[in-house]
Amino acid sequence: MSEIMKYDVVVVGAGIAGPIVARNVAKEGYSVLLIDKKPAIGAPKQCAEGINISVFEKHDIPYDKRFINREIYGARLYSPSGYTLEMRYNRVSGVILERKVFDKMLAFYAARAGADVLPRTEATDVIRKDGKIIGIKAKKEGEPIEIRADILVAADGVESTIARKAGINTYAPLHEFDSAYEYEMLIEGFDPDLIHLWFGNNVAPRGYVWVFPKDEDRANVGIGINSDNPMTAKHYLDKWLKENNIAFKKILEVNVGIVPVGGFLRELVKDNVLVVGDAARQVNPMHGGGMAEAMEAGTIASKWILEALKEENFELLKNYTTEWWEKDGKRLERVLRVRKVVEHLTDEDLDVFIQTLSGIDAEKIAGGHYSEVIKALLKQPKVLMSPRRITLLKELL
Amino acid sequence: MTEKVRIIVDKDKCYLCGGCAGVCPSLAIRVSSSKWEFFQDKCISCRICVTACPVGALEAEVVEGRA
């Protein structure tokens, strides 16, 4: 007989969304268990570690220098022929985190708020009784355990094992994912106050190469490409580094992962199971970042978990789906539409757009508020001369 | 029809990122923090995992002729 543990809420996965949910629910006095299969929370990461500065205040996360490698003042985009587009602010716009410290601290905040936290504990299946899910089976340092809980939160990343075992169809076709590969390495010659993004069909099909500075001479250098590409992400990144004569022999870390960039899980709740973060494919489909999205989803999910527990009415959990779609889903759907257009751009198109757009335009596009920008682009001579470009852009209006 | 395959991992190349398990339509791959596992009975021989792997650590080995 395996050990049986009992909680109000069990959260599977201590990435970004999981600990936020665990912290918010535990803070109100409910019993919460947060588990993660990794022996060390936060490592290995699958992330370029860049995040907007606004999330700290918004989600009540301390601005703690222990997990902030570097403050960033903007971004520079590079087109295939070398045109650049720069967004530079006179204040800090984002930071490059150290995920192995950040995730651990998020779990620490959850534990300090009252949650129990168990790493090296892997959920293997759900437990059903009379057709209802009453908990999960897990292995804690290899020993089988049963965790009974009224509410389950699947925050278990792109694999979303628990959501799928719970009968939630999180499956998406391969074209809706990006494959990513990244070195943390020594690199010089790029303004360390900006993040740098390179676009081009031979550089990074459908995606981009990034340099996210963690120091003046150290950065996350990575790539994301469409997952159904016959070549690997590693192949494209190494090729880019070689072609640009960037030595990559001073490497501190290698990171690998798959990113859902093609749309979002429609139903985020089934009975007493909620899906958050990468598991629900809640990722910005334009840049592939999902930390802010995971925080937002975790915040909304925890609000409705608390309501459901207070009112003892689990029907209320469904409001997480409704509120997420109203708040973040709608915005991300607009971003996805842009991504789907960008996907069809030739290198020449990318040159024209990057040459023509301003930093403010790029920001609006990335945020999904793009209609003015598209209208202005449609008046550009190089766009007007190309019926194909006009068709592509009009799809966005 | 597609050939029935077995998926093999090159453990020295694999980072245990779990991406293959995420894109698998039939839960035929499980990735724990210390090992990669394949379940032949669940595999539908689509080879999606092989294509998706960011480092090319997976290979499909034909186990039977045409289905």
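A. Structural context of the overall build of chain A. Across its full length, chain A carries twelve helices and 18 strands. Against the 2.2 N^0.38 benchmark of 21 Å for 397 residues, chain A shows a C-alpha radius of gyration of 22 Å, consistent with a compact globule. Principal-axis analysis of the C-alpha atoms places the extent of chain A at approximately 70 × 45 × 40 Å. Of all 397 residues assigned to chain A, the portion counted as buried reaches 50%.

B. Up close: the environment of Ile4(A). All names here are of chain A. Along the chain, the position of Ile4 falls in strand β1 (residues 3-12). For the pair Ile4 and Lys214, spaced 210 residues apart in the sequence, the C-alpha separation amounts to 43 Å. Sequence-distant contacts of Ile4, defined by excluding residues within four places in its chain, comprise Glu146 and Arg148.

C. Local environment of the sheet that holds strand β3 (residues 50-52) of chain A. Residues and elements named next belong to chain A. The strand order across the open sheet formed by three strands is β3-β7-β4, and the pairing between neighbours is antiparallel. With one partner strand each, in any of the chains shown, β3 and β4 (68-72) form the two edges of the open sheet. In this sheet, neighbouring strand axes are inclined to one another by 30° on average, regardless of whether the strands run parallel or antiparallel.

D. Representation of the packing of helix α1 (residues 17-27) of chain A against helix α6 (residues 291-311) of chain A. All names here are of chain A. Interhelical geometry of α1 versus α6 gives an angle of 30° and a closest axis separation of 8 Å. Our pair here, α1 against α6, has a crossing hand that is right-handed. Contacts between α1 and α6 involve Ala17, Ile20, Val21, Asn24 and Val25 on the former and, on the latter, Ala294, Met295, Ala297, Gly298, Thr299, Ala301, Ser302, Ile305 and Leu306. Residue composition of the contact of α1 with α6, grouped by class: ten nonpolar, four polar and no charged.

E. Expanded view of the domain arrangement of chain A. All names here are of chain A. Structurally, chain A comprises domain 1 (3-64 + 98-172 + 262-331), domain 2 (72-92 + 174-260) and domain 3 (336-394). For domain 2 and domain 3, the distance between their C-alpha centres works out to 22 Å. Facing the twelve residues of domain 2 at the interface are ten residues of domain 3. Its residues assigned to classes, the side of domain 2 that touches domain 3 shows six nonpolar, four polar and two charged.

F. How the structure looks around the interface of chain B and chain A. On the side of chain A, 27 residues touch chain B, which itself brings 19 residues to the contact. Going through the elements one at a time, α1 (19-23) and α2 (48-52) of chain B are the ones with two or more residues in the side of chain B that touches chain A. Taken together, the residues of the side of chain B that touches chain A sort by class into twelve nonpolar, seven polar and no charged.

G. Representation of the sheet that holds strand β6 (residues 84-88) of chain A. Residues and elements named next belong to chain A. One open sheet holds the seven strands; their spatial order is β6-β5-β13-β14-β15-β12-β16, and the pairing between them is mixed. Whereas interior strands pair on both sides, the edge strands pair on one side only; in this sheet they are β6 and β16 (251-260). The average undirected angle you get between the axes of adjacent strands in this sheet is 15°. In this sheet, strand β13 (residues 194-198) lies alongside strand β5 (residues 74-78) in parallel orientation, the contact comprising five bridges. Bridging from a neighbouring strand, Ala75 pairs with Ile195 of β13. Across the face of the sheet, helix α5 (residues 233-243) comes into contact with β12 (177-186), β14 (208-215) and β15 (218-226) while running at roughly 130° to β15. The sheet contacts of helix α9 (residues 359-366) involve β5 and β6, and relative to β6 the element is tilted by about 80°.

Rules and cut-offs
- Residues numbered from 1 in each chain as written.
- Chains lettered and ligands numbered in written order.
- Predicted model: local features only at pLDDT ≥ 70, side-chain atom pairs only at ≥ 80, totals over all residues.
- Helix = DSSP H or I, 4+ residues; strand = E, 2+ residues; numbered from the N terminus.
- Rg over C-alpha atoms; globule rule 2.2 N^0.38 Å.
- Buried ≥ 20, exposed ≤ 12 C-beta atoms within 10 Å, placed from the backbone.
- Contact = placed C-beta atoms within 7 Å.
- Pairing = 2+ DSSP bridges.
- Axes fitted to C-alpha atoms, helices over the stretch in contact; angles between N-to-C directions.
- Left-handed = near helix turned anticlockwise from the far one by under 90°.
- Nonpolar A, V, L, I, M, F, W, Y, C, P; charged D, E, K, R; others polar.
- Domains from an automatic or database assignment.

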